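Chain by chain, the residues:
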Amino acid sequence: MTRTKPPRLSRQTSQRIAFALITLAAIVVVAPIFFIVGYIVYQGISAISWEFLTAYPHNGMKEGGLLPAIVGTLWLTLGTAVVAVPIGIGAAIYLSEYAKDNALTRAIRVAIINLAGIPSVVYGLFGLGLFVIFLNFGTSILAGSLTLGIMTLPVIISTAEEALRAVPQSFRLVSVSLGGTRWQTIRRVVLPQALPGIITGVILGLERAAGETAPILFTVAAFFLPRLPKSIFDQTMALPYHLFVISTQVPGMPIHIQYGTALVLLIFVLSMNVLATLIRNHYRKQRFW
Amino acid sequence: MAGDIKIHIQNFGLRYSDGTESLHDITLDIYARQINVLFGPAGGGKSTLLRAMNRLNDLTDVVEQTGHILLDGEDITRPGYDIVRLRRRVGIVFARPVVLPMSIYRNITYGLELAGIRDKATLDAAVTRSLQQSALWEEVHDRLGDPAHALSGGQQQRLCLARVLALQPEVILLDEPTSGLDPISTAKIETTMQELKSDYTFVIVPHSVQQAARVADWASFFLQGELIEHGVGREMFLKPKHTRTEDYITGRFG
Amino acid sequence: MTDQHEGQPKRSLSWVEFLIERAIQVSGISAIILVVLIFLFLIKEGTPAFMEVPLSGLFATRWYPIEGYYGLLPLIMGSLIVTIGAAVVSLPLGLATAIFIAEIAPDWVRNILKPFVEVLAGIPSVVIGFIGMLVFAPLIRVTLDIPTGLTAFTGVLLLAWMALPTVVSVAEDVLDAVPKTYRDAGLALGMTRWQVIWRIVLPAGRSGVLMALMLGVGRAIGETMTVMMVTGNAARMPVGLRDFFMPVRTMTATIAAEMGEVAHGSPHYHVLFAVGLTLFVITFAVNIAAASVVFRQVKRAERMLA
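Note that the structure is predicted; figures quoted are calculated from it, not measured.

Thoughts on the overall build of chain B
- Each helix and strand in chain B was counted, giving 10 helices and 10 strands.
- At 18 Å, chain B has a C-alpha radius of gyration in line with the 18 Å of a compact globule built from 254 residues.
- In chain B, which comprises 254 residues, the proportion classed as buried is 46%.
- By sequence separation, contacts in chain B at least 24 residues apart represent 71% of the contacts at least 6 residues apart.

Focus on the interface of chain B and chain A
- Of the residues lining the interface, 17 residues belong to chain B; the matching set on chain A comes to 14 residues.
- Contributing elements (two or more residues each) for the side of chain B that touches chain A: α2 (83-89) and α3 (104-114) of chain B.
- A breakdown of the residues in the side of chain B that touches chain A according to their chemical character gives 11 nonpolar, three polar and three charged.

Describing helix α3 (residues 67-98) of chain A
Residue and element names in this part refer to chain A.
- With 32 residues, α3 should reach 46 Å at 1.5 Å per residue; the first-to-last C-alpha distance of 45 Å fits that figure.
- Along α3, the sharpest change in direction is near 30° and occurs at Ala 84; proline Pro 86 comes one to four residues later.
- The buried fraction of α3 is high, at 25 of 32 residues.

Let's talk about the environment of Ala 214 of chain A
- Here Ala 214 of chain A shows up in the loop between α8 (182-211) and α9 (239-248).
- The exposure class of Ala 214 of chain A is buried, given the 30 C-beta atoms found within 10 Å.
- Residues Ala 214 of chain A and Leu 125 of chain A, spaced 89 residues apart in sequence, show a C-alpha to C-alpha distance of 9.2 Å.
- Aside from chain neighbours lying at most four places away, what touches Ala 214 of chain A is Ser 120, Val 121 and Gly 124 of chain A together with Thr 224, Met 225 and Ala 256 of chain C.

What about the environment of Pro 74 of chain C?
- Here Pro 74 of chain C shows up in helix α4 (residues 73-104).
- Apart from residues no more than four positions distant in its own chain, Pro 74 of chain C is found in contact with Thr 61, Trp 63, Ala 235, Arg 236, Met 237 and Arg 249 of chain C.

Some words on unusual backbone geometry
- One non-glycine residue, Arg 33 of chain B, lies in positive phi territory at about 55°.
- By secondary structure assignment, the location of Arg 33 of chain B is in the loop between β2 (21-31) and β3 (35-39).

A few points about the packing of helix α4 (residues 120-133) of chain B against helix α6 (residues 153-166) of chain B
All names here are of chain B.
- Two numbers describe how α4 lies on α6: the axes approach to 8 Å, and their chain directions differ by 130°. For the element pair α4 / α6, the angle class is oblique. The handedness of the crossing between α4 and α6 comes out as right-handed. For the pair α4 and α6, contact is made by Ala 126, Val 127, Ser 130, Leu 131 and Gln 133 and by Ala 162, Leu 165 and Ala 166, respectively.
- When the residues that make up the contact of α4 with α6 are grouped by side-chain class, the tally is six nonpolar, two polar and no charged.

Some words on the pairing of strand β8 (residues 201-205) of chain B
All names here are of chain B.
- Counting buried positions along β8 yields five of five residues, so the element is predominantly enclosed.
- Judged by which residues are buried, β8 turns out to be covered on both faces: Thr 201, Val 203 and Val 205 on one side and Phe 202 and Ile 204 on the other are all buried.
- Here β3 runs beside β8; their pairing, made up of three bridges, is parallel. Its bridge partner lying in β8, Asn 36 is registered against Val 203.
- Note: strand β7 (residues 171-175) against β8, five bridges, orientation parallel. Looking at β8, one finds that Asp 175 is bridged to Val 205.

Concerning the confidence of the model for chain B
Residues and elements named next belong to chain B.
- Of all residues in chain B, 99% attain a pLDDT of 70 or more, and the chain-wide mean is 91.
- Across chain B, the element-wise mean pLDDT spans from 87 in strand β4 (residues 62-71) up to 96 in β8.
- Scored as a complex, the prediction yields pTM 0.88 and ipTM 0.90.

Considerations on the sheet that holds strand β5 (residues 74-75) of chain B
Residues and elements named next belong to chain B.
- Spatially, β2-β1-β4-β5 is the arrangement adopted by the four strands of the open sheet, whose pairing is antiparallel. Both edges of this open sheet fall to β2 and β5, since each of them pairs with a single strand only.
- Two elements, strand β1 (residues 5-16) and β4, share eight bridges in a ladder whose sense is antiparallel. Within β4, the residue paired with Gln 10 across the bridge is His 68.

A word on the interface of chain A and chain C
- Contacts between chain A and chain C engage 75 residues on the former and 72 residues on the latter.
- Elements with a minimum of two residues in the side of chain A that touches chain C: α1 (11-44), α3, α4 (103-117), α5 (120-134), α6 (141-166), α8, α9 and α10 (255-286) of chain A.
- Per-element tally for the side of chain A that touches chain C: the top contributor is α1 of chain A, with 17 residues.
- Along the lines of polarity and charge, the residues of the side of chain A that touches chain C split into 53 nonpolar, 18 polar and four charged.

With respect to α8 of chain A
Residue and element names in this part refer to chain A.
- With 30 residues, α8 extends just 38 Å between its outermost C-alpha atoms, more than 12% less than the 44 Å of an ideal straight helix rising 1.5 Å per residue.
- Where α8 bends most, the angle comes to about 55°, and this point is Leu 195, followed within four residues by the proline Pro 196.
- For α8, a buried count of 21 out of 30 residues is recorded, marking the element as mostly surrounded by other parts of the structure.

Rules of the game
- Residues numbered from 1 in each chain as written.
- Chains lettered and ligands numbered in written order.
- Predicted model: local features only at pLDDT ≥ 70, side-chain atom pairs only at ≥ 80, totals over all residues.
- Helix = DSSP H or I, 4+ residues; strand = E, 2+ residues; numbered from the N terminus.
- Rg over C-alpha atoms; globule rule 2.2 N^0.38 Å.
- Buried ≥ 20, exposed ≤ 12 C-beta atoms within 10 Å, placed from the backbone.
- Contact = placed C-beta atoms within 7 Å.
- Nonpolar A, V, L, I, M, F, W, Y, C, P; charged D, E, K, R; others polar.
- Expected span 1.5 Å × (residues − 1).
- Bend = angle between axes of the 7 residues up to and from the residue.
- Axes fitted to C-alpha atoms, helices over the stretch in contact; angles between N-to-C directions.
- Parallel < 35°, antiparallel > 145°, perpendicular 65-115°, else oblique.
- Left-handed = near helix turned anticlockwise from the far one by under 90°.
- Pairing = 2+ DSSP bridges.
- pLDDT = per-residue confidence, 0-100.

Pasting the structure below:
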């Protein structure tokens, strides 16, 4: 390794080739995103109408609209938030403000990493075993929300902890030196400052949950149910599962309805993404520390 | 001119978890309604001792603490001592001005609100009084609702002092409070101390020997975690007893 | 001089504080409780499979539950092929994209690219499966002139692409973590920017690159909807290279496709839970390994993984 061979290519040429290949790779990665989003918009836009968003499906789902699936996904997103936000923020506060550097904390971190790595379909199994059967919630919004909520927990914990840790330590020191207890310091100084970051993380977590199919397959999703859920013990249709159903299980489904459904799901999910980005950028500009 | 002893430090020592000994066997009295100066080269343990007086070291990795610190005869180092109440009696101003991310007004009322005081008239009165005491009132009285971080560095540091004064503590600790400030702001803070010392006990780690000499009623010279000399300020700066104190004061080492 | 508000610290406030702090502590350990709970439930529902079906039946090559054949090997092989393939494709692509974003692209391109990679992470897997099935699979069928486009290869490409946000994000952290002084030293010695990247930055970030690979694997092996929709789901034992361009069936897809239909408590039900248990153990091992490589760099990665 000490002797360098005389280079075949000049160093500038090899850099040019390498950079060209790398740029090509980046294009290969990014271009399909444009393509997929663009193609779904192109194919699906013709299906979008007021009726498509507000009517019940009929005639074997080949006509009508997506109302029960949209409402179901809203319910599930809300349910996921109710389950995951308090616990997730609580855990983040624990890790950032209370946890000492000890074996328990390391165990918690390992658990969070593993929770994040568990396949979504395994969450579905767990939700089926624990909530649907063992706790006898049945196939219901409750069971689905709990399953999705647990799945979303690691995302919320990680992003919220990051936001809490970004708050300067000196604020905590000042608050404590003025006679603040730990909780007063958290509630009056740390949490308000970390809030935009936490909200961003929560929205990103809910975005994932809203688009998931596998965890709701056996815990909540109904194949075809042309009415709105009345309580959290009802089954419901949901957008991602509905897209799966009409694209794989229903022969002769008009193609524009399939793309229209994919488009509605994509808009639902990506608008949450955009919202999160906007919030993050807005508050990053305002912050003086 | 020895007066009442406000804080009695008895054989106090402290070690950090990385093994370094920060303070070794300190015995020292802090006198009430005086300006008590702790000075010496960096790393001598002055700030650590200062923070021990309202137990802010609890927040850092202190491995071992020996000895006692008595506030009005009461041992504040004993386990179970009400730290929150202690910190209301013993306030601190840090080297770098840290204003909380809220308005000027809320910065000052913050400590009072933590103590459960909601009464608007009481809060208003505290804001006016403490801003006047810290010589900031003239500059900010017409914009108390502005964010505190819009103030200049010197103003921010006086706000930090006002924030402590609002709680009407018995002891005020100052950890190099003027290290980043211009001479005018520094003078204002030093004057404030002189004006207020009839009501408060000050313990200050000055940012220079000159400042130490200017303000000290009582002075303590620290070197590498040990208390070398303690005495009346004027005497020590004119005629130090120890050669190491003299060497430091005359600038032979820093 | 005692002040006028002494003695006021309200007891009720500290009660509230006490309760809140307990709640925070419980939330703190919730992750541990949940991982254990999930593990226990998978064991509870999965282990009966080993009583009901002999081991030789589980480690067999035929999966045909209706007639009582529960050979898991084709499913495990299916998952392995797709996962390893996806990892092999996505690592160089992800690394290259990360290098592009971190080292080559001008600022304005970077500011556009980063959110787009995040958008990719946000596209639901069912949507990618949908497009894969309708657009991508026919393309593969025609291009390669094979009977069906729903193959392991199709799954590999889509999975590799889906794992990219994870790989890119971890790789970016790795590149960021290499001290600037290393680069400056290289440039000062007259190396080109590419030589600095290739000979200094990448070797310095070796362990992080390894972790990116493992997290990508973890992401790919657990992916369900996309694979179910594009790999054809034929539970056949892959034997040769040709099988790469034939339908396969993964463990995740099997659970997703069959769990809805089985009777609770039947052998089939228990075997599917046993498959879930296997997946849990594999991802657990992969994630522990990845975490122990570089614990510090995990933060962003775990966010991407979920």
